[in-house]
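Chain by chain, the residues:
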Amino acid sequence: MANETVFKRYKHNPIITAAAVPTANSIHNSAVVEFGDGYAGIFRIDHQDMRFRLHMGKSKDGFKWSIDPKPIVFKSDDPDVCLRDLTYDPRLLKLEDKYYVTWCNSGAQGPSIGLGYTTDFKEFIQMEDPLPTANRNSVLFPRKINGKYAMYHRPSDRGHTPFGDIFYASSPDLVHWGCHRWVFGAAKSGWQSTKLGPGPNPIETKEGWLLIYHGVWTSCNGYLYYAGGALMDLDKPWKVIARTKDYLLAPSEIYERVGDVPNVVFPSSAVVKGDYLRLYYGCADTCISVAEASIKDIIQFIKTHSF
Ligand code: BMA
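Source: prediction; values computed, not measured.

A word on the overall build of the protein chain. Each helix and strand in the protein chain was counted, giving 2 helices and 22 strands. Rg of the C-alpha trace for the protein chain: 18 Å, near the compact-globule value of 19 Å for 307 residues, within the 12% margin. By its C-alpha atoms, the protein chain is 50 × 45 × 40 Å across when sized along the principal axes. The average position of the 35 basic charges and that of the 33 acidic charges among the side chains of the protein chain differ by 3 Å.

Here you go:
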(Lines give C-alpha, C1' and ligand atoms only; values in the text may rest on other atoms or scores of the structure.)
Protein backbone atom coordinates (compact mmCIF):
# COMPACT_ATOMS: atom_id res chain seq x y z
CA MET A 1 0.00 0.00 0.00
CA ALA A 2 1.08 3.52 -0.73
CA ASN A 3 3.07 5.38 1.90
CA GLU A 4 0.92 8.53 1.62
CA THR A 5 1.31 11.53 3.90
CA VAL A 6 -0.15 14.74 2.49
CA PHE A 7 -0.22 13.69 -1.17
CA LYS A 8 -2.98 11.38 -2.40
CA ARG A 9 -2.27 9.53 -5.62
CA TYR A 10 -4.88 9.65 -8.39
CA LYS A 11 -6.65 6.30 -8.49
CA HIS A 12 -6.22 5.88 -12.27
CA ASN A 13 -2.43 6.41 -12.26
CA PRO A 14 -0.41 6.36 -14.41
CA ILE A 15 -2.17 8.94 -16.57
CA ILE A 16 0.31 8.83 -19.50
CA THR A 17 2.28 5.86 -20.81
CA ALA A 18 4.34 5.17 -23.95
CA ALA A 19 1.10 4.11 -25.67
CA ALA A 20 0.33 7.84 -26.20
CA VAL A 21 2.90 8.16 -29.04
CA PRO A 22 3.74 5.38 -31.54
CA THR A 23 7.53 5.99 -31.53
CA ALA A 24 7.81 6.29 -27.73
CA ASN A 25 9.80 3.96 -25.52
CA SER A 26 8.67 5.92 -22.45
CA ILE A 27 7.09 9.26 -21.47
CA HIS A 28 7.99 10.74 -18.08
CA ASN A 29 9.52 13.81 -16.26
CA SER A 30 7.33 16.39 -18.03
CA ALA A 31 5.72 19.81 -17.63
CA VAL A 32 2.13 21.03 -17.59
CA VAL A 33 0.51 24.47 -17.43
CA GLU A 34 -3.05 25.84 -17.57
CA PHE A 35 -3.69 27.19 -21.07
CA GLY A 36 -6.87 28.47 -22.76
CA ASP A 37 -9.84 26.50 -21.48
CA GLY A 38 -7.66 23.50 -20.59
CA TYR A 39 -4.00 22.57 -20.27
CA ALA A 40 -0.86 22.46 -22.39
CA GLY A 41 2.16 20.33 -21.70
CA ILE A 42 5.69 19.71 -22.87
CA PHE A 43 6.60 16.07 -22.58
CA ARG A 44 9.87 14.23 -22.37
CA ILE A 45 9.62 11.32 -24.78
CA ASP A 46 12.42 8.78 -24.89
CA HIS A 47 12.05 7.41 -28.43
CA GLN A 48 12.72 3.90 -29.63
CA ASP A 49 16.22 5.04 -30.66
CA MET A 50 16.62 5.96 -26.94
CA ARG A 51 17.11 9.62 -27.74
CA PHE A 52 15.13 12.02 -25.59
CA ARG A 53 12.93 14.62 -27.32
CA LEU A 54 10.39 17.28 -26.31
CA HIS A 55 6.80 17.03 -27.56
CA MET A 56 3.78 19.28 -27.12
CA GLY A 57 0.50 17.99 -25.70
CA LYS A 58 -2.97 19.31 -24.95
CA SER A 59 -5.68 18.29 -22.53
CA LYS A 60 -9.13 19.50 -21.53
CA ASP A 61 -8.99 18.19 -17.95
CA GLY A 62 -5.25 17.68 -17.20
CA PHE A 63 -5.68 13.90 -16.96
CA LYS A 64 -6.42 12.73 -20.52
CA TRP A 65 -3.81 13.98 -22.96
CA SER A 66 -3.27 14.06 -26.67
CA ILE A 67 0.42 14.36 -27.50
CA ASP A 68 1.83 15.48 -30.85
CA PRO A 69 3.77 12.53 -32.33
CA LYS A 70 6.27 15.00 -33.85
CA PRO A 71 8.88 16.67 -31.61
CA ILE A 72 8.76 20.44 -31.00
CA VAL A 73 10.81 22.49 -33.46
CA PHE A 74 12.34 25.55 -31.79
CA LYS A 75 13.11 28.61 -33.95
CA SER A 76 16.14 30.82 -33.46
CA ASP A 77 17.91 33.46 -35.55
CA ASP A 78 21.28 32.13 -34.44
CA PRO A 79 22.32 28.64 -35.69
CA ASP A 80 24.49 28.21 -32.57
CA VAL A 81 21.39 28.45 -30.39
CA CYS A 82 19.90 25.03 -31.02
CA LEU A 83 18.57 21.80 -29.60
CA ARG A 84 21.34 19.36 -28.78
CA ASP A 85 21.45 15.54 -28.94
CA LEU A 86 19.29 14.86 -25.90
CA THR A 87 16.52 17.21 -24.72
CA TYR A 88 14.74 16.25 -21.53
CA ASP A 89 13.13 17.02 -18.14
CA PRO A 90 11.25 20.18 -19.24
CA ARG A 91 9.70 22.70 -16.84
CA LEU A 92 7.08 25.18 -17.97
CA LEU A 93 5.58 28.37 -16.50
CA LYS A 94 3.69 31.55 -17.33
CA LEU A 95 5.89 34.58 -16.76
CA GLU A 96 4.53 37.99 -17.80
CA ASP A 97 3.02 37.49 -21.30
CA LYS A 98 4.84 34.29 -22.32
CA TYR A 99 5.09 30.61 -21.42
CA TYR A 100 8.74 29.82 -20.72
CA VAL A 101 10.26 26.36 -21.03
CA THR A 102 13.51 25.23 -19.44
CA TRP A 103 14.95 21.79 -20.12
CA CYS A 104 18.15 19.82 -20.11
CA ASN A 105 19.85 20.52 -23.45
CA SER A 106 22.54 17.90 -23.54
CA GLY A 107 25.28 17.77 -26.17
CA ALA A 108 28.85 16.58 -26.70
CA GLN A 109 30.16 18.74 -23.85
CA GLY A 110 27.56 17.41 -21.43
CA PRO A 111 24.20 18.54 -20.07
CA SER A 112 23.32 22.22 -20.22
CA ILE A 113 20.12 24.18 -19.58
CA GLY A 114 17.92 25.12 -22.54
CA LEU A 115 15.53 28.09 -22.44
CA GLY A 116 12.74 29.04 -24.82
CA TYR A 117 9.23 30.44 -24.94
CA THR A 118 5.91 30.30 -26.70
CA THR A 119 2.74 32.36 -26.56
CA ASP A 120 0.43 29.98 -28.41
CA PHE A 121 2.00 26.48 -28.14
CA LYS A 122 2.34 26.51 -31.94
CA GLU A 123 5.54 28.54 -32.40
CA PHE A 124 8.47 27.98 -30.01
CA ILE A 125 11.43 30.37 -29.83
CA GLN A 126 14.76 29.23 -28.40
CA MET A 127 16.94 31.66 -26.41
CA GLU A 128 20.59 31.39 -25.35
CA ASP A 129 21.34 28.62 -22.86
CA PRO A 130 21.28 30.58 -19.59
CA LEU A 131 24.07 28.64 -17.86
CA PRO A 132 27.26 26.90 -18.92
CA THR A 133 27.63 23.12 -19.04
CA ALA A 134 27.26 21.04 -16.83
CA ASN A 135 23.83 21.58 -15.34
CA ARG A 136 20.74 19.42 -15.46
CA ASN A 137 17.84 21.15 -13.66
CA SER A 138 16.49 24.66 -13.85
CA VAL A 139 13.21 26.27 -12.77
CA LEU A 140 12.27 29.91 -13.30
CA PHE A 141 10.35 31.98 -10.74
CA PRO A 142 6.90 33.16 -11.91
CA ARG A 143 7.73 36.84 -11.25
CA LYS A 144 10.73 39.13 -10.85
CA ILE A 145 12.34 39.23 -7.42
CA ASN A 146 13.92 42.51 -6.32
CA GLY A 147 13.56 43.72 -9.94
CA LYS A 148 15.25 40.71 -11.55
CA TYR A 149 14.22 37.43 -13.15
CA ALA A 150 15.28 34.48 -11.02
CA MET A 151 15.89 30.75 -11.17
CA TYR A 152 16.93 27.77 -9.09
CA HIS A 153 19.30 25.37 -10.80
CA ARG A 154 21.43 22.33 -10.08
CA PRO A 155 24.99 22.09 -11.43
CA SER A 156 26.04 18.54 -12.38
CA ASP A 157 28.70 16.55 -14.20
CA ARG A 158 28.56 14.75 -17.58
CA GLY A 159 27.53 11.43 -16.11
CA HIS A 160 24.88 10.35 -13.66
CA THR A 161 26.15 12.93 -11.14
CA PRO A 162 26.66 11.44 -7.67
CA PHE A 163 26.38 14.91 -6.02
CA GLY A 164 24.30 18.05 -6.38
CA ASP A 165 23.13 21.12 -4.46
CA ILE A 166 20.55 23.72 -5.50
CA PHE A 167 21.72 27.24 -6.46
CA TYR A 168 19.95 30.55 -7.15
CA ALA A 169 20.74 32.99 -9.98
CA SER A 170 19.17 36.23 -11.19
CA SER A 171 19.09 38.16 -14.44
CA PRO A 172 17.97 41.58 -15.72
CA ASP A 173 16.93 40.20 -19.13
CA LEU A 174 16.69 36.35 -19.01
CA VAL A 175 19.95 36.22 -21.03
CA HIS A 176 22.72 37.30 -18.64
CA TRP A 177 22.67 35.41 -15.34
CA GLY A 178 24.69 36.14 -12.18
CA CYS A 179 24.60 36.94 -8.44
CA HIS A 180 24.86 33.20 -7.77
CA ARG A 181 23.84 31.98 -4.32
CA TRP A 182 24.02 28.53 -2.78
CA VAL A 183 20.55 27.48 -1.62
CA PHE A 184 20.79 24.08 0.03
CA GLY A 185 22.57 20.78 -0.35
CA ALA A 186 22.27 17.06 0.14
CA ALA A 187 21.68 15.83 3.68
CA LYS A 188 24.27 13.87 5.67
CA SER A 189 22.17 10.71 5.43
CA GLY A 190 18.78 9.45 4.29
CA TRP A 191 16.62 9.86 1.17
CA GLN A 192 18.23 13.17 0.08
CA SER A 193 21.84 12.32 0.89
CA THR A 194 23.23 11.88 -2.66
CA LYS A 195 21.84 14.89 -4.56
CA LEU A 196 18.86 17.22 -4.96
CA GLY A 197 17.19 19.15 -7.73
CA PRO A 198 14.32 21.61 -8.06
CA GLY A 199 11.02 20.02 -9.15
CA PRO A 200 8.09 22.20 -10.26
CA ASN A 201 8.66 25.96 -10.64
CA PRO A 202 8.50 27.67 -7.21
CA ILE A 203 4.97 28.44 -5.98
CA GLU A 204 4.33 31.72 -4.18
CA THR A 205 2.45 31.46 -0.87
CA LYS A 206 1.97 33.97 1.98
CA GLU A 207 4.43 31.95 4.07
CA GLY A 208 7.20 31.85 1.47
CA TRP A 209 8.10 30.21 -1.84
CA LEU A 210 7.01 26.59 -1.84
CA LEU A 211 9.68 24.49 -3.53
CA ILE A 212 8.97 20.82 -4.19
CA TYR A 213 12.24 19.11 -5.04
CA HIS A 214 13.66 15.67 -5.72
CA GLY A 215 16.14 14.02 -3.39
CA VAL A 216 18.25 11.00 -4.22
CA TRP A 217 19.49 8.17 -2.04
CA THR A 218 22.14 5.69 -3.20
CA SER A 219 21.43 2.10 -2.22
CA CYS A 220 23.40 -1.03 -3.12
CA ASN A 221 21.19 -1.19 -6.26
CA GLY A 222 21.71 2.40 -7.39
CA TYR A 223 19.76 5.65 -7.11
CA LEU A 224 16.26 6.01 -5.62
CA TYR A 225 14.34 9.27 -6.24
CA TYR A 226 11.97 10.86 -3.69
CA ALA A 227 10.04 14.15 -3.42
CA GLY A 228 10.58 16.61 -0.61
CA GLY A 229 9.50 20.17 0.07
CA ALA A 230 10.96 23.45 1.30
CA LEU A 231 9.63 26.84 2.25
CA MET A 232 11.90 29.65 1.06
CA ASP A 233 12.15 33.36 1.96
CA LEU A 234 10.00 35.48 -0.39
CA ASP A 235 12.58 38.29 -0.85
CA LYS A 236 15.74 36.21 -0.45
CA PRO A 237 14.78 32.85 -2.01
CA TRP A 238 18.26 31.42 -1.32
CA LYS A 239 17.33 31.39 2.40
CA VAL A 240 15.52 28.33 3.76
CA ILE A 241 12.64 28.86 6.22
CA ALA A 242 11.95 25.12 6.63
CA ARG A 243 12.81 21.95 4.71
CA THR A 244 11.51 18.40 5.02
CA LYS A 245 13.65 15.80 6.74
CA ASP A 246 10.96 13.19 5.91
CA TYR A 247 9.98 12.75 2.27
CA LEU A 248 6.63 13.94 0.87
CA LEU A 249 6.42 11.14 -1.69
CA ALA A 250 8.45 7.97 -2.17
CA PRO A 251 8.44 5.21 -4.78
CA SER A 252 6.00 2.65 -3.44
CA GLU A 253 3.47 1.82 -6.18
CA ILE A 254 4.34 -0.82 -8.76
CA TYR A 255 4.51 1.83 -11.55
CA GLU A 256 7.03 3.83 -9.44
CA ARG A 257 9.04 0.75 -8.49
CA VAL A 258 9.29 -0.96 -11.90
CA GLY A 259 10.46 0.62 -15.15
CA ASP A 260 13.52 1.71 -17.15
CA VAL A 261 14.98 3.32 -14.02
CA PRO A 262 13.34 1.62 -11.03
CA ASN A 263 12.27 3.35 -7.79
CA VAL A 264 11.82 6.86 -9.12
CA VAL A 265 9.27 9.55 -8.30
CA PHE A 266 10.45 12.67 -10.11
CA PRO A 267 8.26 15.73 -9.32
CA SER A 268 8.37 18.05 -12.34
CA SER A 269 5.24 20.17 -12.56
CA ALA A 270 2.36 21.50 -10.47
CA VAL A 271 -1.02 22.99 -11.25
CA VAL A 272 -2.34 25.20 -8.46
CA LYS A 273 -5.95 26.33 -7.97
CA GLY A 274 -6.46 28.14 -4.66
CA ASP A 275 -5.34 25.73 -1.96
CA TYR A 276 -5.38 22.72 -4.31
CA LEU A 277 -2.12 21.46 -5.82
CA ARG A 278 -1.91 18.73 -8.45
CA LEU A 279 1.60 17.36 -8.78
CA TYR A 280 2.74 15.73 -12.03
CA TYR A 281 5.63 13.35 -11.56
CA GLY A 282 7.65 10.92 -13.63
CA CYS A 283 7.50 7.28 -12.50
CA ALA A 284 10.49 4.95 -12.91
CA ASP A 285 11.50 6.81 -16.12
CA THR A 286 8.56 5.09 -17.80
CA CYS A 287 5.25 6.93 -17.32
CA ILE A 288 3.58 9.97 -15.73
CA SER A 289 1.31 10.06 -12.67
CA VAL A 290 -0.39 12.70 -10.57
CA ALA A 291 -0.90 13.18 -6.85
CA GLU A 292 -3.03 15.82 -5.17
CA ALA A 293 -2.65 17.79 -1.93
CA SER A 294 -3.77 20.88 -0.08
CA ILE A 295 -1.05 23.57 -0.07
CA LYS A 296 -1.87 24.30 3.59
CA ASP A 297 -1.21 20.63 4.44
CA ILE A 298 2.08 20.58 2.49
CA ILE A 299 3.30 23.70 4.30
CA GLN A 300 2.22 22.32 7.66
CA PHE A 301 4.05 19.07 6.90
CA ILE A 302 7.22 20.95 5.88
CA LYS A 303 7.15 23.00 9.09
CA THR A 304 6.51 20.05 11.37
CA HIS A 305 8.89 17.60 9.66
CA SER A 306 11.78 20.02 9.24
CA PHE A 307 15.46 19.56 10.11
C1 BMA B 1 16.78 13.00 -14.12
C2 BMA B 1 17.12 12.61 -15.55
C3 BMA B 1 16.84 11.15 -15.92
C4 BMA B 1 17.05 10.25 -14.76
C5 BMA B 1 16.08 10.80 -13.77
C6 BMA B 1 15.33 9.98 -12.84
O7 BMA B 1 17.74 13.82 -13.56
O8 BMA B 1 18.42 12.90 -15.81
O9 BMA B 1 17.44 10.76 -17.11
O10 BMA B 1 16.98 8.89 -15.03
O11 BMA B 1 16.64 11.95 -13.25
O12 BMA B 1 14.04 10.23 -13.31
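Neighbouring the ligand are Asn-29, Arg-44, Tyr-88, Asp-89, Arg-136, Tyr-225, Val-261, Val-264, Phe-266 and Asp-285. Interatomic distance of 3.1 Å between a side-chain N/O atom of Asn-29 and an oxygen atom of the ligand. In isolation the ligand exposes 300 Å². Once the protein is present, 86% of that is buried.

Moving on, we come to the pairing of strand 20 (residues 265-273). Along a regular strand, successive side chains alternate from one face of the sheet to the other. Here 8 bridges tie strand 20 to strand 21 (residues 276-283), and the two strands are oriented antiparallel to one another. By the bridge assignment, Val-271 is partnered in strand 21 with Arg-278. With antiparallel pairing between neighbouring strands as the criterion, strand 20 and strand 21 make up a hairpin whose turn holds 2 residues, including Gly-274 at a positive phi of roughly 60°.

Listed as buried for helix 2 (residues 295-304) are Ile-295, Ile-298, Ile-299, Phe-301 and Ile-302. Buried residues in helix 2, looked at end-on, bunch into an arc of 160°, giving them a common side. Turned more than 90 degrees away from the buried face of helix 2 sit Lys-296 and Thr-304, all of them exposed. Structurally, the start of helix 2 carries an N-cap: the backbone nitrogen of Lys-296 is 3.3 Å from a side-chain oxygen of Ser-294.

What the 4 strands build is an open sheet, ordered 2-3-4-5; its pairing is antiparallel. Bordering the open sheet on either side are strand 2 (24-35) and strand 5 (66-67), each of which pairs with just one other strand.

This next bit is on the side chain of Asn-201. Counting through the fold element by element, Asn-201 comes out in the loop between strand 15 (195-198) and strand 16 (203-205). Separated by 3.1 Å, the side chain of Asn-201 and the backbone oxygen of Leu-140 make a polar contact. Each residue touching Asn-201, except ones within four places of it in the same chain, is listed here: Arg-91, Leu-92, Leu-93, Val-139 and Leu-140.

Cut-offs applied
For every chain, the first residue of the written sequence is number 1, and numbering continues from 1 onward in sequence order. Per-residue local features of the predicted model are confined to residues with pLDDT of at least 70, and side-chain atom pairs are confined, for both listing and counting, to 80 or more; whole-chain, interface and lining totals are unaffected and use all residues. Based on all heavy atoms of the structure, the side-chain values leave hydrogens and waters out of the count. Numbering of helices and strands runs from the N terminus; a helix is a DSSP stretch of H or I covering at least four residues, while a strand is a stretch of E covering at least two. Our radius of gyration is a C-alpha quantity, and the globule rule it is checked against amounts to 2.2 Å times the number of residues to the power 0.38. His residues and chain termini do not enter the charge count, which takes Lys and Arg as positive and Asp and Glu as negative. Charge positions come from single atoms, namely NZ of Lys, CZ of Arg, CG of Asp or CD of Glu. A single heavy atom is enough: if one lies within 4 Å of a molecule or strand, its residue is considered near that molecule or strand. Contacts described as polar in this section are N or O atom pairs within 3.5 Å, which, within protein, must combine one atom able to donate a hydrogen with one able to accept it, while residues neighboring in sequence count only if both atoms come from side chains. To measure how exposed things are, a 1.4 Å probe is used in the Shrake-Rupley method; for residues, cover is taken only from the protein chains shown. Two strands make a pair as long as DSSP finds a minimum of two bridges between them. Summary of the burial criterion: residues with accessible area below 20% of their type's maximum are buried, those above 50% are exposed, and those between are partly exposed, where the area comes from a 1.4 Å probe applied to protein chains only. Directions drawn from the helix axis to the C-beta atoms are what define this arc. Throughout, a contact is declared for two residues whenever any of their heavy atoms are within 4.5 Å.

Function cannot be inferred from these measures alone, as they are strictly geometric.
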